[in-house]
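Survey of secondary and tertiary structure
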Amino acid sequence: MSKKSEENNISRRKYLQIAGGTVAGLVVGGALGYVAKPEVTVPPTTVTSTVTETVTGTVTAPPTTVAMDTGQIAVEAAKKFAGTHIGYVVESGFDEGCCKAFAEEWNKLTGMNVEIIAQPTFGVREKVITEGMAKTGAVDLVNTFPIWYPDFIAGKYIVPLNQYIDKYQPDMSDVIFKDYFTASTWQPGVTWALPIDGDVFMLYYRKDIFEHPDERKAFKEQYGYDLAPPETWQQYTQIAKFLTRKPGEKLMGQPVAAQFGGQIEFRSKGGVFWWFFNRIGAYGGRYFNKTANNIDPAINSPACIQALKDMIECTPYGIPEAAAVAYAETIGGMEAGSGAMNIFWPMFGPHCQYAPGSKVVDKIGYALMPGVKQQDGSILHRAIMAAGKVINLTSDSRNPEAAYLFAQWITSPAVHQRCVMWATPTALGALNPVRRREFDPAPWAQEYNTTSDPYNVRAGNPTPWPGAVDYVKADEVNLKVGLPDILVPGWAEFQESIDTELSNAVTGKKTAENALNDCHDQWVKFIDKYGKANIMQWYLPEMYEPGYLKW
Amino acid sequence: MGWIEAKWTRRRYGLLMVLPCVAVLASLMIVPLIYELALSFHEWVWGSGLGWMFNWGLSYVKVLTDPRFSTSLYNTLIIGGSSLALEFAIGFALAFLLNREIRGRSVLVAAFTSPMMLIPVMVAHLWRIMYFQGSGPIDPIVKSVLGYSILWLQDPWASKFANVFANTWEWAPFTMLILLAGFTAIPVTLYEAARVDGASSWQMFTRITLPMARPLIVLALLIRAMEEIKLFDVIYLITTGGPGTETETVTLYIFRQAFQFLDMGKAAASSFILLIIVTVIATVSIRYMYRP
């Protein structure tokens, strides 16, 4: 080696010294940064002052001043947590507007900082799990579906609320299906959540079309009974077929420019399973057959196959490409005046009335879900309680008591009454009644038969909603025949499987039998994957029988 | 500093300066890769309350024997391959046409590249509205030409090409830009010399343009091929992988395993299988790019 190259080469020792020093510096710097990061201060959990106000009465007048109830108790108790930040995950587009407005109200009342973190519907679950696994503490509260209980409880992502319920005594005296919503059905005495949204599918129909004399006369001549909201699924198909009109054909005496759908139900992959579940209950279908020692999918039973066949038969009586109708088409299409009947969540009621550009204002009627005639001549009606929401406290919340107090407030009688009546043009509420008193027509009439917005839930929008009382009555009757959603560990795989096979059946790729038989075979594998004992623990056949859930 | 100047060359000094950056990049790329490789040999379902369970690579067997995975590979080949071919054909044609001095060339280039500037979510929603038979403008046009409607969102094959056309509309301009850069870099003197020698347009195209632009052609194809394999947002929003599983690509399959079913072991295994496929494609392409 030349002298010059020797001079240019560094010695191995020097290189190792410098490289080692650099890496050591990085490690030490990183460790110092981690140790020195600011700690989140946890407010004291010991109550140092006693709440002395008592509940003085019920709300009978427009609540410009909210009467003292368990909500107000929560407000007073929360003032000591002023400045505390709470992360509250909600469903974007549906809960978001309503929850944001009430979070702002709470922040003004208490000085706390409840921040709404909106996530897509099924992204809420992933958000809770990822944040919970990383123990970030970013999420304190979350609006979840009861079907996620098996995942969340097994993974310890949520905590029971008993200690706070014992302390602050929320009013849950008239919550419907309380044990189901709070998961006490599976763990008696343990309350995992406060119910916030009583979802159920409802039947919506165009009153103006159903009451039109020309349509009524023609229908009676063809089918021999009066045109009215269908009592059975067979009538539903007949009415859908009758009211479907091609371009140029007349509807209510006027030619239609584009194809008008007798029904405009969701049929696309990515949700069609709920519309199928909505039918199977009335046919006598169930998700599983369970015995003392075994559980087997029942999704391919004759009842379920018949339900799917009827669903397929009805599908073409809609707008073009009816088998691809998804959220945008089912909501937008009905509000554009392109459909005669629809089946959707309760939020659709205020949405049709108050959505900007809605062409069906004051034209929508609300009815009980069709059923199936039984052998004794009676009609069995069932409606799927699709999703439904409860408010959970996460296990890594840094401020659990403060977070709980917000949850108690927003689910308290007076506040939640306003939540479920929320209908502002840009924040169409999707929180639905979950207390018996919330089905009382009086507040709905008081609010929506006026132009003055006494409950302050319409952002001052003067448009009345004469159908509001009928709407809440229909919500009640559908909930009373509610069929709970499928609730087992690994529900996502069960749901994706049935969703895919239903899409195959609805688009004609498979017959109803083949689709449901294939689904059955896949579900058998999932039962093995998630553990038969685990599935059997969560699946309670009696819960799906009519009348089991206590109103 | 005397001893440093004596001992260090500029090269080694530079190496030392980039060492921290290399360490950070390695930790962001190598460490997650090793983590995922390890995960692919374990069973782990989020939300089960159970931790990692070593399964001797059984996840790979489950993935490779899952008919839905092979369907997703097939769908990726059809949708991705068709998109790639169309994007290249359209991008090449546009680049060729714009590779001359014409009035308003820069305006035309800007106009053609505008779809690329839109976010994929918006593109997907836009095309879904256009495809929908009841309300979109595509059906009347198709009906007037073919005499019948196409069920873009319902039919198994039409739904695949619904995604192909939406994706092509957005990304053909990207291919156009790369190829245009390649064409404009070819020295004009080569064409002049060829013209003097009596070469025809076709001969100039095949003997000068294509060979000179080959590295960029291969680069454009390689980049777009990688992106087609990763295609997710447009498909998820237009057809959600349906009807059935007709438009479920590999990326959507992995997404479902990871974020819907929370089966992280299977998701990691399927990701590694995809990585192997992508590495093979990239290796072959790069070798071809640099072939003399």
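Residues numbered from 1 in each chain as written. Chains lettered and ligands numbered in written order. Predicted model: local features only at pLDDT ≥ 70, side-chain atom pairs only at ≥ 80, totals over all residues.

1. Here we look at the overall build of chain A
When helices and strands are counted, chain A shows 22 helices and 19 strands. In terms of its C-alpha atoms, chain A occupies a principal-axis envelope of roughly 105 × 70 × 55 Å. Each of the 551 residues in chain A was classed as buried or not, and the buried ones make up 51%. (Helix = DSSP H or I, 4+ residues; strand = E, 2+ residues; numbered from the N terminus. Buried ≥ 20, exposed ≤ 12 C-beta atoms within 10 Å, placed from the backbone.)

2. Here's the deal with the overall build of chain B
A count of helical and extended segments in chain B gives 13 helices and two strands. Taken against the 2.2 N^0.38 rule, which gives 19 Å for 292 residues, the C-alpha radius of gyration of chain B at 24 Å runs more than 25% over that of a compact globule. Based on the C-alpha atoms only, the size of chain B along its principal axes is roughly 85 × 75 × 30 Å. Across chain B, contacts joining residues at least 24 apart in sequence account for 71% of those joining residues at least 6 apart. (Rg over C-alpha atoms; globule rule 2.2 N^0.38 Å. Contact = placed C-beta atoms within 7 Å.)

3. A closer look at the sheet that holds strand β6 (residues 202-206) of chain A
Residue and element names in this part refer to chain A. If you trace the three strands from one edge of the open sheet to the other, you get β11-β6-β12, paired in antiparallel fashion. Pairing within the sheet leaves two strands with one partner each, and these edge strands are β11 (341-344) and β12 (364-367). Averaged over all pairs of adjacent strands, the angle between their axes in this sheet comes to 30 degrees, without regard to strand direction. When β6 meets β12, the two strands line up antiparallel, connected through four bridges. Counted as the bridge partner of Arg-206 is Ile-364 from β12. Each of β6 and β12 is contacted by helix α19 (residues 468-480), which is oriented at about 25 degrees to β12, the strand it contacts most. (Pairing = 2+ DSSP bridges. Axes fitted to C-alpha atoms, helices over the stretch in contact; angles between N-to-C directions.)

4. Description of the domain arrangement of chain B
When its domains are assigned, chain B resolves into domain 1 (2-39) and domain 2 (59-289). For domain 1 of chain B and domain 2 of chain B, the distance between their C-alpha centres works out to 36 Å. (Domains from an automatic or database assignment.)

5. Topic: helix α17 (residues 413-420) of chain A
Owing to its 3.6 residues per turn, the α-helix brings residues three or four apart onto one side. All names here are of chain A. By the criterion of burial, α17 is predominantly enclosed, with seven of the eight residues buried. The set of residues buried in α17 consists of Pro-413, Val-415, His-416, Gln-417, Arg-418, Cys-419 and Val-420. Buried residues in α17 make contact with α3 (70-78), α4 (96-110), α16 (400-410) and α18 (441-448).

6. Some remarks on the nonpolar core
In a soluble, globular protein the nonpolar side chains are often hidden away together inside. Ranked by internal contacts, the top residues of the largest apolar core, which has 198 residues, are A:Phe201, A:Phe276 and A:Phe406. The leading source of residues in this core is helix α12 (residues 272-283) of chain A, at nine residues. For A:Phe201, the contacting residues outside a window of four places in its chain are A:Asn278, A:Ile343, A:Phe344, A:Trp345, A:Met369, A:Ala383, A:Ile384, A:Ala386 and A:Asn478. By size, the runner-up hydrophobic cluster in this structure holds 15 residues, among which are B:Ala95, B:Met176, B:Ile178 and B:Ala220. (Core = buried A, V, L, I, M, F, W, Y, C linked by C-beta atoms within 7 Å.)

7. Here's the deal with unusual backbone geometry
What you tend to see is this: most non-glycine residues have negative phi, and most peptide bonds are trans. The omega torsion across B:Gly242 and B:Pro243 is 0 degrees, close enough to zero to call that bond cis. Of note, B:Pro243 is situated in the loop between α11 (233-238) and α12 (250-260). A positive phi angle is found at A:Asn456, which is not glycine, with a value near 55 degrees. Here A:Asn456 lies in the loop between α18 and α19. Overall, the presence of 18 C-beta atoms within 10 Å leaves A:Asn456 in the partly exposed class.

8. With respect to the environment of B:Ser48
On the secondary structure map, B:Ser48 appears in the loop between β1 (42-43) and β2 (53-54). Accessibility expressed as a C-beta count within 10 Å gives 21 for B:Ser48, which makes it buried. Counting along the chain gives 165 residues from B:Ser48 to B:Ala213, while the straight-line C-alpha distance between them is 54 Å. In this view, B:Ser48 contacts A:Ala154 and A:Gly155; residues no more than four positions away in its chain are not counted.

9. Observations regarding the domain arrangement of chain A
Residue and element names in this part refer to chain A. What the domain assignment lists for chain A is domain 1 (70-199 + 387-466) and domain 2 (202-385 + 484-544). Facing the 22 residues of domain 1 at the interface are 21 residues of domain 2. With four residues, helix α6 (residues 149-154) is the single largest residue contributor to the side of domain 1 that touches domain 2. Residue classes in the side of domain 1 that touches domain 2 are distributed as 15 nonpolar, five polar and two charged. (Nonpolar A, V, L, I, M, F, W, Y, C, P; charged D, E, K, R; others polar.)

10. Concerning the environment of A:Tyr530
Residue placement: A:Tyr530 occurs in helix α21 (residues 512-530). When the C-alpha atoms of A:Tyr530 and A:Gly71 are compared, they prove to be 40 Å apart, with 459 residues separating the residues in sequence.

11. A look at the confidence of the model for chain B
Residue and element names in this part refer to chain B. Confidence along chain B averages 90 in pLDDT terms, with 96% of residues attaining 70 or more. Per-element mean pLDDT across chain B ranges from 59 in helix α1 (residues 2-7) up to 95 in helix α4 (residues 67-98). Interface confidence in the predicted complex, given as ipTM, is 0.85; pTM for the same model is 0.86. (pLDDT = per-residue confidence, 0-100.)

12. Things to note about the interface of chain A and chain B
Each side of the interface is counted separately: chain A has 38 residues, and chain B has 31 residues. Contributions of two or more residues to the side of chain A that touches chain B are made by α1 (3-8), α2 (12-36), α5 (123-134), α6, α14 (327-335) and α20 (491-506) of chain A. Per-element tally for the side of chain A that touches chain B: the top contributor is α20(A), with six residues. Taken together, the residues that form the side of chain A that touches chain B break down as 15 nonpolar, twelve polar and eleven charged.

13. Description of the packing of α12(A) against helix α13 (residues 302-314) of chain A
Angle between the axes and distance between the axes are the two parameters that describe a pair of packed helices. Residues and elements named next belong to chain A. Following both chains from N to C, one finds α12 and α13 inclined at 125 degrees, their axes separated by 9 Å at the closest point. Regarding the angle of α12 to α13, the classification is oblique. α13 is crossed by α12, and the crossing has right-handed handedness. Along its contact with α12, which presents Phe-276, Arg-279, Ile-280 and Tyr-283, the element α13 presents Ala-303, Cys-304, Gln-306, Ala-307, Leu-308 and Met-311. (Parallel < 35°, antiparallel > 145°, perpendicular 65-115°, else oblique. Left-handed = near helix turned anticlockwise from the far one by under 90°.)

14. Brief notes about helix α11 (residues 233-243) of chain A
All of the buried residues in α11(A) are A:Trp233, A:Tyr236, A:Thr237, A:Gln238, A:Ile239, A:Ala240 and A:Leu243. Tucked inside the fold, the buried residues of α11(A) contact α9 (207-210), α10 (213-223), α12, α13, β11 and β13 (371-373) of chain A.

15. Here we look at the packing of helix α6 (residues 120-131) of chain B against helix α8 (residues 156-185) of chain B
All names here are of chain B. Remark: α6 packs on α8, axes separated minimally by 10 Å, with the N-to-C direction vectors making an angle of 130 degrees. One way to sum up the angle between α6 and α8 is to call them oblique. Once α6 is placed against α8, the crossing between them reads as right-handed. Residues Pro-120, Val-123, Ala-124, Trp-127 and Tyr-131 of α6 form the contact with α8, whose own contacting residues are Ala-162, Ala-166 and Glu-170. Partitioning the contact of α6 with α8 into residue classes produces seven nonpolar, no polar and one charged.

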